[in-house]
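Architecture at a glance
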Amino acid sequence: QVQLVESGGGLVQAGGSLRLSCAASGSIFGINGMAWHRQAPGKQRELVATIAPRGISNYADSVKGRFTISRDNTNNTVHLQMNSLKPEDTAVYYCYADVRTYGRNMYFPYWGQGTQVTVSS
C-alpha cells in the first residue's frame, strides 16, 4: 500500500508564500505523474499543477506565474511553491500521484489526506 503525506500548509497573509511538500511511502516500484489539486468549501476539486517524471509541468491559469511544482524522484516527493498568495487560493490542497507498487503491474492513483491553506486579506 502507498501513503501520500502532505505538509507545509497554514495561515498566511495575502501576498505571502508557502511551500507544500508531499512524500510518498510504501511498496513503491515507480511513480509516473504527480499533481496538486485543491478544493475550497462549496466548490469542486480543481487541478492546480501537474508534473511528469522528467519535470515537464502544467498549471491552472489561475496560478500560472505564481506557483511552481517540482519533484524529487529519488525521495518520491513533490513540492508546490506558492508565491503571491491571494485569498481565493484558500482551500484544502491535495497531493496526487500515479504509483506502481511491487504488488501490481499498473499505475494506480493515490491521494493524500490534504493540507489546509488559508490566505487572509
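Residues numbered from 1 in each chain as written. Predicted model: local features only at pLDDT ≥ 70, side-chain atom pairs only at ≥ 80, totals over all residues. Heavy atoms only, no water.

1. Concerning the pattern of salt bridges
It is possible for side chains of opposite charge to pair when their charged atoms get near one another. As enumerated under the stated definition, the model contains four salt bridges in all. Put simply, Glu 46 and Arg 38 hold a salt bridge, and the shortest N to O gap is 2.7 Å. A relative accessible area of 32% places Glu 46 in the partly exposed class. With relative accessibility at 7%, the residue Arg 38 sits in the buried group. Between Asp 89 and Arg 66 there is a salt bridge whose closest N-O contact spans 2.8 Å. You can see Asp 89 sitting in the loop between β8 (77-82) and β9 (91-101) and its partner Arg 66 sitting in the loop between β6 (57-59) and β7 (67-72), a full 23 residues away along the chain. Like Asp 89, the residue Arg 66 is buried in the burial classification. When salt bridges that share partners are traced, they join Arg 38, Glu 46, Arg 66 and Asp 89 into one network. (Salt bridge = Lys/Arg side-chain N within 4 Å of Asp/Glu carboxyl O. Buried < 20%, exposed > 50% of the residue type's maximum accessible area, 1.4 Å probe, protein only. Helix = DSSP H or I, 4+ residues; strand = E, 2+ residues; numbered from the N terminus.)

2. Concerning the environment of Asp 89
Residue class for Asp 89 comes out buried when judged on its relative accessible area of 1%. Once the C-alpha coordinates of Asp 89 and Val 48 are considered, the two residues, 41 residues apart in sequence, prove to be 10 Å apart. Setting aside residues up to four positions removed in sequence, Asp 89 forms contacts with Arg 38, Arg 66, Phe 67, Ser 84, Val 117 and Val 119. A polar side-chain atom of Asp 89 sits 2.8 Å from the main-chain amide nitrogen of Lys 86. (Contact = heavy atoms within 4.5 Å. Polar contact = N/O pair within 3.5 Å; in protein donor to acceptor, adjacent residues only side chain to side chain.)

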